[in-house]
Amino acid sequence: TVLKAGVLVWSLATAVIPVVAGFMPGLVLSRILVGIGEGVSPSAATDLIARTIPLQERSRAVSVVFGGLAFGSVLGLLFAPPIIQNLGWESVFYIFGLLGIIWCLVFESVQELQPGDNEDILNLENTSAGSNGHISSSVPSKSSDSSLEEMTDSLKDVPWGEFFKSKAVWAMIYTHFCGSWGHYTCLSWLPTFFSEELNLNLTDAAWVSILPPLGSMVITSIAAPFADNLISSGVDTTKVRKICQAIAFLSPAAFMMLSSVDLGLPPWVVVAFLTGGISLSNFALSGLYCTHQDISREYASILLGITNTVGAVPGIVGVALVGYLVDTTHSWSMSLFAPSIFFYLTGTAVWLTFASSEPQDFNKLASESLRESNQ
């Protein structure tokens, strides 16, 4: 229900942009609604995966779902220019918004085809993984028409304090921040870097910007079965998540180092380096993005909400800071690459030291803490 609401909100907010484009408060509100819709959707999707997908298939499920971001980016970048050229700029917002609404209708029909709320799979309280890796429980699932009061009470029951006592959770928070710094700053500034530093014209720079999401789709199709096969063959889950996340961070860091040093490389080599590094960062889908579900199926969506909130900060602070540094230092190496390299390397160190995929019973820990405080 939350996932459908999120998609519907951002789709409608996108579709109305041509109508409110000349009215700044309306335009700002529409963009805020897009952010709200997109903000709740990753956590809702994570909750669905955690409730239905066994451990041995988790990397592939997460990669297919979140890999859709790269696929959508490629399609959007490819189809938006001819749509604008032939139908006008307003048509892009109408069409993309309509596609989201159609998705909601299709998702509703798919949901109705499912065999009800299968309690052997969907329920999470006091969970245990059976031989098939599915989640079982004796607690009935919450109905979608729960009242606001019940939702408020359930939020009060969440063991927030125990989350922040866990070193693994803090490792996830910092790692998400570091990954988002590299992702958001590169997403925003690489086209300008290609244009100004590599002397690509704007048209070429725009086409080159499609290469990272294309590469991401390829890497995702490799990383996910790689991780799942290791887990299925008996390799410790924590070790698999650490390997994947280390690849996701060290690869772009290495390629950024090569790109930031004046080695006299031709522009296409620098583009290849950066594309390869950003593409390999999608190993995180089999690393960090699975760990929320590994340590707590019940609270996977909330844990992702926490780390994703912190991960959104670089999209605000990091992008602006890179622009400021470019204006003041006139050095792309110091402005764009050095901060990203720093966060990739420190993120790797923190992840390898503190990350864990061992399941944690946060409710039990909260109960023990409460008993100790009452003694």
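Quantities reported herein were computed from a predicted structural model and do not represent experimental measurements.

Trainee: Explain a nonpolar patch on the surface residue by residue, including any values.
Mentor: Together, Val9, Met24, Val28, Leu29, Ile32, Leu33 and Ile36 give the surface a local cluster of nonpolar side chains, amounting to about 600 Å² of exposed area. Here Leu33 is to be found in helix α3 (residues 24-52).

Trainee: Quick one: what's the story with the nonpolar core, residue by residue and with numbers?
Mentor: Grouped together as the largest cluster of nonpolar side chains are 36 residues, with contacts concentrated most on Leu190, Phe193, Phe194 and Leu274. For this core, the secondary-structure elements that each account for two or more residues are α9 (167-196), α11 (211-232), α12 (237-260), α13 (267-280), α15 (300-329) and α16 (332-354). Ranked by residues supplied to this core, first place goes to α9 with eight residues. Leu190 has contacts with Thr185, Leu274, Ile278 and Leu336, leaving out every residue within four places of it along the chain. Among the nonpolar cores identified, the runner-up in size contains 14 residues, and Ile295, Ile302, Leu303 and Ile306 belong to it.

Trainee: Hey, could you go over the packing of α12 against α13 for me, with residue numbers and the actual values?
Mentor: For the pair α12 and α13, the least separation of the axes is 7 Å and the interaxial angle reads 165 degrees. Judged on the interaxial angle alone, α13 and α12 are roughly antiparallel. α13 is crossed by α12, and the crossing has left-handed handedness. Contacts between α12 and α13 involve Ile247, Ala248, Ser251, Pro252, Phe255, Met256, Leu258 and Ser259 from the first element and Val270, Phe273, Leu274, Gly276, Gly277 and Leu280 from the second.

Trainee: How would you explain the UniProt feature "transmembrane region" (unreviewed entry) in the protein chain if you had to name every residue and give the values?
Mentor: When the UniProt feature table is mapped onto this chain, "transmembrane region" (unreviewed entry) is found at residues 6-29, 61-80, 92-110, 169-190, 210-231, 267-290, 302-326 and 332-354. The distance separating the terminal C-alpha atoms of residues 92-110 is 27 Å; by composition the span is 100% helix and 0% strand.

Trainee: Could you give me a rundown of the packing of α9 against α15, with the residues and numbers involved?
Mentor: Following both chains from N to C, one finds α9 and α15 inclined at 40 degrees, their axes separated by 7 Å at the closest point. As α9 runs across α15, the sense of the crossing is right-handed. Here the residues of the contact of α9 with α15 are counted per class, giving 17 nonpolar, 10 polar and no charged.

Trainee: Tell me what's going on with the pattern of salt bridges, and back it up with residues and numbers.
Mentor: Considering all chains together, one arrives at six salt bridges under this definition. The salt bridge involving Arg58 is made with Asp294; its shortest N-O contact spans 2.5 Å. One end of the pair, Arg58, is in helix α4 (residues 58-87); the other, Asp294, is in helix α14 (residues 288-295), with 236 residues separating them in the sequence. Taken individually, Arg58 and Asp294 each receive the classification buried, so the pair is uniform in this respect. The structure contains a network of salt bridges with shared partners spanning Arg58, Arg241 and Asp294.

Trainee: So what about the environment of Phe194? Which residues, and what values?
Mentor: Along the chain, Phe194 turns up in helix α9. Taking the C-alpha atoms as reference, Phe194 lies 8.0 Å from Val271; in sequence the two are 77 residues apart.

Trainee: With reference to specific residues and values, describe the environment of Trp160.
Mentor: Tracing the backbone through its elements, the reader meets Trp160 in helix α8 (residues 160-163). On the accessibility criterion, Trp160 (36% relative accessible area) is partly exposed. For the pair Trp160 and Asn363, spaced 203 residues apart in sequence, the C-alpha to C-alpha distance is 9.7 Å.

Reading guide: rules and limits
Each chain has its residues counted from 1, running along the sequence as written. Under the rules for a predicted model, residues below a pLDDT of 70 receive no local features and side-chain atom pairs below 80 are neither given nor counted, while totals for whole chains, interfaces and linings still include all residues. The side-chain numbers reported here are obtained from all heavy atoms of the structure, hydrogens and water having been left aside. Residues forming no salt bridge and having over 30% relative accessible area are the ones grouped into patches, like charges within 9 Å of each other and nonpolar side chains (Val, Leu, Ile, Met, Phe, Trp, Tyr) within 5 Å. We get accessible surface area from the Shrake-Rupley algorithm with a probe of 1.4 Å; when it comes to residues, only the shown protein chains can shield them. A pairing counts as a salt bridge when a side-chain nitrogen of Lys or Arg comes within 4 Å of a carboxyl oxygen of Asp or Glu. Strands are runs of DSSP state E lasting at least two residues, helices are runs of H or I lasting at least four, and both sets are numbered from the N terminus onward. Nonpolar core, defined: a set of buried Ala, Val, Leu, Ile, Met, Phe, Trp, Tyr and Cys residues in which side-chain atoms within 4.5 Å join the residues together. Each residue is assigned to one of three classes by its accessible area relative to the maximum for its type, calculated with a 1.4 Å probe on protein chains only: buried under 20%, partly exposed between the two thresholds, exposed over 50%. Throughout, a residue-residue contact means that at least one pair of heavy atoms, one from each residue, lies within 4.5 Å. Helix axes use the C-alpha atoms of the stretch in contact, all axes being lines fitted to C-alpha atoms, and the angles between their N-to-C directions lie in the range 0 to 180 degrees. Here is the rule for angles: anything less than 35 degrees is roughly parallel, anything more than 145 is roughly antiparallel, 65 through 115 is roughly perpendicular, and the remaining ranges are oblique. By definition, any crossing whose near helix is turned counterclockwise from its far helix by less than a right angle is left-handed, and any crossing with a clockwise turn is right-handed. UniProt positions are given in the numbering used here, feature names are shortened, and annotations may be inferred rather than shown by experiment. Think of it as three bins: nonpolar holds Ala, Val, Leu, Ile, Met, Phe, Trp, Tyr, Cys and Pro, charged holds Asp, Glu, Lys and Arg, and polar takes everything else, Gly as well.

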